[in-house]
Amino acid sequence: MTEKESTTDNVTADAISTASPAKSMGDPGITPLSPSHSMKDSDQNVPAGPTFHVVVAIDFGTTSSGYAYSFTKEPECIHTMRRWEGGDPGVSNQKTPTTILLTPDRKFHSFGYAARDFYHDLDPSESKHWLYLEKFKMKLHTTPNLSIDTDLQAANGKKVKALDIFAYALAFFKDQALKELTDQSGSEFDNADVRWVITVPAIWKQPAKQFMREAAYKSGLVPRDNPDQLIIALEPEAASIYCRKLRLHQMIDLGAKAAVNGYSPTESVGAGMMQAKEHVRRNRQSRTFLVENVIGELWSELEEGDRYVVVDCGGGTVDLTVHQIRLPEGHLKELYKASGGPYGSIGIDFEFEKLLCKIFGPDFIDQFKIKRPAAWVDLMIAFESRKRAAAPDRTNPLNINLPFSFIDYYKKFRGHSVEHALRKSNVDFVKWSSQGMLRMNPDAMNALFKPTIDHIIQHLSELFEKPEVSDIKFLFLVGGFAESPLLQQAVQNMLQGRCRIIIPHDVGLTILKGAVLFGLDPSVIKVRRSPLTYGVGVLNRYVEGKHPPDKMLVKDGTRWCTDVFDTFIAADQSVALGETVKRSYTPAKPSQQVIVIHIYCSEKEQVGFISDAGVRKCGTLRLDVSGTESPAARREIQTLMQFGDTEIRAMAIDVATSRSVKASIDFLSQ
């Protein structure tokens, strides 16, 4: 559709409230009144929000979660939360496990270590009535038709609404953070003074981001009528913002030729990480990080136009983003749309579960999880701490404690011992130790990592072949899984010195600290890439030879082509912050109160019709035109859509009266 066509030939079809006779999707035959190119508007369209006294960021992770905050009057100080009670030995307890416990009557009981410890101490006859959930964030990524009604399954097999669980978790963090801020300031801290930031993977689709926002409204984190009080931050972007501030003593450089912090690249990868952990442990006491106002030393090596990759390896997903530096302010420009997949560290847990099924039988493991849910959680905690000890050069075996109830229940279930099962299973490298432990040879442990790491390496290899990803200066490895020496070595082997690999100390808190910085200045990322092509279905003048005959519709003697895809924005297109796409729509009847327009999306950059393969309806744009009636014969509602932010937004005005029209985009109720 050319610009000329859309400006001169379009008249409004009165088909907005009636179905189009088109043979494909029955979409209203909307005709845009305005040109179909993006209008670049400067940042003045972005309303200046209220001023907040503090920014609190919540890193809601698959395996662990936490919060950090900074007062706007001293933005260089980022405070991380109080230490959690009940932390595991050998595991950093700066964050708490993403586990939640509800009472048998489905009321919130506890979150994190407290939930896990309480659940663990319940008698098995009691625990089966309680609802315990962990690693539930992945459901938002893996559910194809995510909606407000999506369910989660607790450890005892009972279903519970996902929205309730996410809202309980956010309410928990809100209470913790406000209590800490109140204690710090010595007087009651008002939630209205807080700007909240919630982190999500960059590869999440719009419905998952909207779901998080709905959970925030339900939890009381922010009121629905003040949406600007909440910012959704993308995890690798947050990491990228923080990495700009890194000083040399705050990171390990795996690709450095000379020794950094006394660690030379010829030593084992693990040695540098041990030093980093010691450094972090010494700094733990204060929980306050000073972020340099100046650009970090690493950054001083970067010049205008330099590119770097952030690889965020979390519990559930691996998220990759490619940024280019824009000087002098150090703003960032996204060069390639966020990519990645469900290749987080929980993949290793699934491999361990598969190994247990191979040894003891899937029927037993399924029963054990249902009948002894707390003992299953115990077994996975024991595995978690051993998982962290896996390293490329390890030679001694790793012992995993089997809970007594596992050994006991297996004997009842099968009529023979766990030891007998191991002998019979033909699984090499896993033996039974006389102290009642599974003894895993290092090769067996490394084999559990292989499928997940292979996915990450394959994805990185494909990314590095893209033209936008040539001449990369640094690769930042962040997220909890980035601590794994096995993953670090695999990334080093793949890159073969093509760029330097930087791992920040306290790698698990990088996103949290970056999210606080993003909340203080959301305009730091000036250009993003659209992950999908978005548009609506419209009627255009029928052109012989150009349009398919089966799309022709004759109305009042005029021939129209139905189902034309009017592109708002194309996949991988650069979008500047504050840039808007303008369209005008007219109600079909003067008395119409609401205009509902279906939004379609596709992974393809070029789309002709809404009926094309790969195009799907993904959302609705709703314009509430009640109360804006005017004597004008034809009412024009001008709609502005913003695609340059982390969420898609819409605003609208009635052109005749210049009055604001309530506009909303819904991606959840499809």
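Everything numeric here is computed off the predicted structure, so don't read it as measured data.

(A) A look at the overall build of the chain. Of regular secondary structure, the chain possesses 17 helices and 32 strands. Within the chain, the fraction of its 670 residues that count as buried is 56%. Long-range contacts, defined as pairs at least 24 residues apart, comprise 71% of the intrachain contacts of the chain with a sequence gap of at least 6. A total accessible area of about 28100 Å² is found for the chain, and carbon and sulfur atoms account for 50% of it.

(B) Structural detail: the sheet that holds strand E18 (residues 430–433). Sheet architecture is open: 3 strands sit in the order E17-E19-E18, paired in antiparallel fashion. With partners counted over all chains shown, the strands left at the sheet margins are strand E17 (398–401) and E18, one partner each. On average, each strand axis in the sheet is inclined to that of its neighbour by 30°, with strand direction left out of account.

(C) Examining the environment of Ala 115 more closely. Along the chain, Ala 115 falls in helix H2 (residues 113–121). Using a relative accessible area of 0% as the deciding quantity, one classes Ala 115 as buried. Spatially, the C-alpha atom of Ala 115 lies 6.5 Å from that of Thr 99, the residues being 16 residues apart in sequence.

(D) Fine view of the packing of helix H11 (residues 362–371) against helix H13 (residues 404–414). Between H11 and H13, whose axes approach to 11 Å, the crossing angle comes to 125°. Judged on the interaxial angle alone, H13 and H11 are oblique. For the element pair H11 and H13, the recorded crossing hand is right-handed. Between H11, through Asp 363, Phe 364, Ile 365, Gln 367, Phe 368 and Lys 371, and H13, the contact on the second element is made entirely by Ser 405, Phe 406, Tyr 409, Tyr 410, Phe 413 and Arg 414. Residue composition of the contact of H11 with H13, by class: 7 nonpolar, 2 polar and 3 charged.

(E) Fine view of the pattern of salt bridges. The final tally for this structure, using the stated rule, is 26 salt bridges. Linking Lys 179 and Asp 183 is a salt bridge whose minimum nitrogen-to-oxygen distance equals 4.0 Å. Placement of the pair is Lys 179 and Asp 183 together in helix H5 (residues 162–185), with a separation of 4 residues, close to one helical turn. Classification of Asp 183 by relative accessible area gives partly exposed; the value is 46%. For Lys 412, the salt bridge is made with Asp 408, and the minimal N-O distance between the two is 3.3 Å. You can see Lys 412 and its partner Asp 408 sitting in helix H13, 4 residues apart, about one turn around the helix. Residue classification places Lys 412 among the exposed residues on the basis of a relative accessible area of 61%. Its relative accessible area of 28% is what places Asp 408 among the partly exposed residues. Salt bridges sharing common partners tie together Lys 135, Asp 349, Glu 384, Lys 387 and Arg 388.

(F) Spatial organisation of unusual backbone geometry. Even without being glycine, Asp 471 reaches a positive phi, approximately 55°. Considering the arrangement of structural elements, one finds Asp 471 in the loop between helix H15 (442–464) and strand E20 (472–478). With relative accessibility at 71%, the residue Asp 471 sits in the exposed group. Backbone geometry places Asp 572, a non-glycine residue, at a positive phi of 65°. Relative to the helices and strands, Asp 572 resides in the loop between strand E25 (558–569) and strand E26 (574–576). Among the residues examined, Asp 572 registers a relative accessible area of 12% and is labelled buried.

(G) A look at the packing of aromatic side chains. For the structure shown, the criterion picks out 31 aromatic pairs. Arranged with centres 5.8 Å apart and planes meeting at 25°, the rings of Phe 364 and Phe 368 form a pair that is stacked. Within this pair, Phe 364 and its partner Phe 368 are both found in helix H11, separated by 4 residues, close to a single helical turn. Here Phe 368 and Phe 406 contribute two aromatic rings whose centre-to-centre distance is 4.9 Å and whose plane-to-plane angle is 75°, an arrangement assigned as edge-to-face. With a gap of 38 residues between them, Phe 368 in helix H11 and Phe 406 in helix H13 connect regions that are remote in the sequence. Residues Phe 368 and Phe 406 agree in their burial class; the two are buried. Of the aromatic side chains, those joined through ring pairs into one cluster are Phe 360, Phe 364, Phe 368, Phe 406, Tyr 409, Tyr 410 and Phe 413. Its guanidinium or amino end placed over the ring of Trp 560, Arg 541 lies 5.7 Å from that ring's centre, counting from NZ or CZ.

(H) Just the pairing of strand E3 (residues 77–80), in detail. Side chains of E3 alternate between two faces, with Cys 77 and His 79 and Ile 78 and Thr 80 buried alike. Where strand E2 (residues 64–71) and E3 come together, 2 bridges link them in antiparallel fashion. Residue pairing for E3: Tyr 69 is matched across the bridge by His 79. Two successive antiparallel strands, E2 and E3, enclose a turn made up of 5 residues.

Calculation notes
Residue numbering note: each chain is counted from 1, following its sequence as written. In keeping with the model being predicted, local features are shown solely for residues with a pLDDT of at least 70 and side-chain atom pairs are shown and tallied solely at 80 or more, while totals for entire chains, interfaces and linings include all residues. Calculated side-chain values reflect all of the structure's heavy atoms, with hydrogen atoms and water omitted. Put simply, DSSP H or I for four residues or longer makes a helix, DSSP E for two residues or longer makes a strand, and each gets a number counted from the N terminus. Throughout this description, buried means an accessible area under 20% of the type-specific maximum (1.4 Å probe, protein chains only), exposed means over 50%, and partly exposed covers the range between. Only heavy atoms matter for contacts: two residues are in contact if any of them lie within 4.5 Å across the pair. Each accessible area is a Shrake-Rupley estimate made with a 1.4 Å probe; only the visible protein chains count as cover when residues are assessed. Strand pairing follows a simple DSSP-based rule, namely that at least 2 bridges must link the two strands. Axis lines are fitted to C-alpha atoms, over the contacting stretch for helices. Their N-to-C directions set the angle, which ranges from 0 to 180 degrees. Oblique is the label for any angle not covered by the other classes, which are roughly parallel (under 35 degrees), roughly antiparallel (over 145) and roughly perpendicular (65 to 115). The hand of a helix crossing depends on one turn: near helix anticlockwise from the far one by less than a right angle means left-handed, and clockwise means right-handed. Gly falls in the polar group here, along with every residue not listed as nonpolar (Ala, Val, Leu, Ile, Met, Phe, Trp, Tyr, Cys, Pro) or charged (Asp, Glu, Lys, Arg). Within this document, salt bridges are pairs made up of a side-chain nitrogen of Lys or Arg and a carboxyl oxygen of Asp or Glu, the two lying within 4 Å of each other. Here the aromatic set is Phe, Tyr and Trp, taking the six-membered ring for Trp, and pairing holds for ring centres within 6.5 Å; pairs whose planes are under 30 degrees apart are stacked, those over 60 apart are edge-to-face, and all others are tilted. Two conditions define a charge located above a ring, namely a distance within 6 Å from the ring centre to NZ of Lys or CZ of Arg, and an angle within 35 degrees of the ring normal.

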